[in-house]
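Structural characterization, general
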Amino acid sequence: MKKVGIVLAVLFAASMSAQTHELVKHNGEKTGINYNKTEYNLVCFSTPNSSEENKISKYAVHSITNKVTGSTQIISSKIDVKDKNGFRDIVFLKESETAGLKKGEAISVFFGRTKGFSDYDLVTMKKRRLQEKAAQKGSPFLVITSESYDETKAVLYYY
């Protein structure tokens, strides 16, 4: 009876540390993980043989496949920006939502104060100009690092 209990305990422990899901990134990289949950723009998971929770941007992940059932959940589709006309596809992220994405160069836009423009119009124009610059460089993601009265600075992120 004691041996049966030990065997069951070992089997239970082995199943708890096994990889239950496969994470596929947009860059083609595949990783065995234990999927926990999806929060706002983040996928939470743990690596096999670890209870530490890791997070990756949902924009870096293409899909998660359950190895037991074989079902695949598409997390995000790849954003392909080819030229300046694709600026509407650019996504603004927070710094905390960039895990798993590659950091690129810093860009900035400067607008002098124009008479008759509201603050909202000025912010909208700055964001659009940032999106156009990011599209020219082929970057699908932007993180605004600082905003002042006349200038807005951002960092580009790639897959």
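Note that the structure is predicted; figures quoted are calculated from it, not measured.

**Quick word on the overall build of the chain**
Regarding its fold elements, the chain presents 2 helices and 10 strands. For the chain, the succession of helices and strands along the chain, N to C, is α-β-β-β-β-β-β-β-β-α-β-β. Put simply, the chain has 159 residues, and 35% of those count as buried. At a minimum sequence separation of 6, the contacts of the chain that also span at least 24 residues come to 52%. Looking at the chain as shown, the accessible area adds up to about 9800 Å², and 53% of this sits on carbon and sulfur atoms.

**A look at the sheet that holds strand 3 (residues 42–46)**
Spatial strand order, 4-3-2-1-5-6: 6 strands in an open sheet with antiparallel pairing. Of all strands in the sheet, those bounded by a partner on one side alone are strand 4 (53–57) and strand 6 (72–74). Pairs of neighbouring strands in the sheet enclose a mean axial angle of 40 degrees, with direction left out of account. For strand 3 and strand 4, the ladder comprises 5 bridges, and the chain directions are antiparallel.

Procedures and definitions
Residues numbered from 1 in each chain as written. Predicted model: local features only at pLDDT ≥ 70, side-chain atom pairs only at ≥ 80, totals over all residues. Heavy atoms only, no water. Helix = DSSP H or I, 4+ residues; strand = E, 2+ residues; numbered from the N terminus. Buried < 20%, exposed > 50% of the residue type's maximum accessible area, 1.4 Å probe, protein only. Contact = heavy atoms within 4.5 Å. Areas by Shrake-Rupley, 256 points an atom, 1.4 Å probe, with all protein chains shown as cover. Pairing = 2+ DSSP bridges. Axes fitted to C-alpha atoms, helices over the stretch in contact; angles between N-to-C directions.

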